[in-house]
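A look at the structure
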Amino acid sequence: WIVFTDLDGTLLDHHSYSYEAALPAIKYLQEQQIPIVLTTSKTQAEVSQLQQELQLSSPFIVENGAGIYWPCTTGGEHVAHSMCSPREHWLALLEQLKPEFGQHFSHFAELNPKDVVELTGLSLADAEKANQRAYGEPIHWYGDQSLKRSFIEKATSLGAHILEGGRFLHMSGNVDKGQALQWVAKRYQQHYSKPVQTLALGDSQNDIAMLNAADKAVIVRSPVHPPPELQRPPSLITQYLGPEGWFEAINYFIADSSIPN
Ligand code: 2M8
Ligand code: MG
Ligand code: MG
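Cut-offs applied
- Residues numbered from 1 in each chain as written.
- Chains lettered and ligands numbered in written order.
- Predicted model: local features only at pLDDT ≥ 70, side-chain atom pairs only at ≥ 80, totals over all residues.
- Heavy atoms only, no water.
- Domains from an automatic or database assignment.
- Contact = heavy atoms within 4.5 Å.
- Buried area = accessible area lost by both parts, 1.4 Å probe.
- Salt bridge = Lys/Arg side-chain N within 4 Å of Asp/Glu carboxyl O.
- Polar contact = N/O pair within 3.5 Å; in protein donor to acceptor, adjacent residues only side chain to side chain.
- Helix = DSSP H or I, 4+ residues; strand = E, 2+ residues; numbered from the N terminus.
- Nonpolar A, V, L, I, M, F, W, Y, C, P; charged D, E, K, R; others polar.
- Donors = N, O, S within 2.8 Å, 3.2 Å for Na, K, Ca; no water.
- Buried < 20%, exposed > 50% of the residue type's maximum accessible area, 1.4 Å probe, protein only.

Some thoughts on the domain arrangement of the protein
If you check the domain split of the protein, you get domain 1 (2-83 + 176-255) and domain 2 (87-172). Domain 1 and domain 2 are separated by 23 Å when their C-alpha centres are compared. Taken together, the contact pairs 22 residues of domain 1 with 18 residues of domain 2. Both sides of the domain 1 and domain 2 interface together cover about 1,600 Å² of buried area, and 51% of this is carbon and sulfur. When the buried area of domain 1 at its contact with domain 2 is split by residue, Tyr17, Glu63 and Gln205 rank highest and sum to 28% of it. The interface formed by domain 1 and domain 2 holds 0 salt bridges in total. At the boundary of domain 1 and domain 2, one finds 11 residue pairs in polar contact (both at pLDDT 80 or more). Going through the elements one at a time, helix H2 (44-53), strand E4 (67-71) and strand E5 (78-82) are the ones with two or more residues in the side of domain 1 that touches domain 2. Looking at the side of domain 1 that touches domain 2, its residues break down into 6 nonpolar, 12 polar and 4 charged.

Overview of unusual backbone geometry
Among all residues save glycine, negative phi is the norm, and among peptide bonds the norm is trans. Of note, the phi angle at glutamine 33 is positive, near 55 degrees, even though the residue is not glycine. Looking at the secondary structure, you find glutamine 33 in the loop between helix H1 (23-31) and strand E2 (36-38). A positive phi angle is found at serine 193, which is not glycine, with a value near 45 degrees. Take serine 193: it is sitting in the loop between helix H7 (177-192) and strand E10 (198-202).

Structural notes on the coordination of the magnesium ion (ligand 2)
Ideal donor angles around a metal are set by the shape: a four-donor tetrahedron calls for 109.5 degrees, a six-donor octahedron for 90 or 180 degrees. Surrounding the magnesium ion (ligand 2) are the protein donor atoms Asp6 (OD), Asp8 (O) and Asp203 (OD), at 2.1 to 2.2 Å. When the donor residues of the magnesium ion (ligand 2) are listed from N- to C-terminus, their spacing reads D-x1-D-x194-D. Separation of the magnesium ion (ligand 2) from the magnesium ion (ligand 3) amounts to 3.6 Å, with aspartate 6 serving as a shared donor to the pair. Highlighted residues: aspartate 6 in the loop between strand E1 (2-5) and H1 and aspartate 203 in the loop between E10 and helix H8 (208-213), separated in sequence by 197 residues. Considered together, aspartate 6 and aspartate 203 belong to a single accessibility category, that of buried residues.

Dropping the structure here:
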């Protein structure tokens, strides 16, 4: 098995960003040598810190699948594989949309770190890490929903791909967490010369592609939006929110012996 997990609202509490409640389940998977692949909208700077805290050396996926970090065989470092154009490209495209939609949104590059703190509840240091983006741009939309739909349509017609996270619209290339999951699973398969099974956990619209691509899908219940719609029913929609839901899900798969016990 390989476990692919979203962070915000899934492994991390939507408000406090704590993973505390999930720790025993993380430890269990580590003991079983089941890789945990953090698969997130967050940046390389944000995820590297978490990899250290959780003592993970597995590959990780950043900015909604735009960047895949694969561990060096020589240890320590990870090598980046980029799946789309750099942030500057998307910032330039966003400028083209400002005459029509500019008064309905703000975005990270034009916000100061304190604004990001206000919008996210991150610490100042973490907000700075969240702004070190390589492949796209988070947009804070404060216009109404129908305008949001026309904004997304226009951005799409200009070649961008928009995904919705728990708080922001993410503008980037034609990337998603599902394609990234397949890329990583294939590399593992080549490495071990045997099929691998994938389990994915997520809470939001930007997790749908990953949940659809995985062998088993878990929707971790969100305090802010209804469970996203998948192509097929998920294996589980958790009762509990965020990291409590994550702990619940891993135990569910241990109980039904999908994960060894
Ligand atoms: C953004 O990502 C979340 C993920 O769902 C969102 O869109 O709400 C990113 O900017 C990420 O880098 C940041 O850590 C997070 C903080 O809430 O927001
Ligand atoms: Mg999430
Ligand atoms: Mg996310």
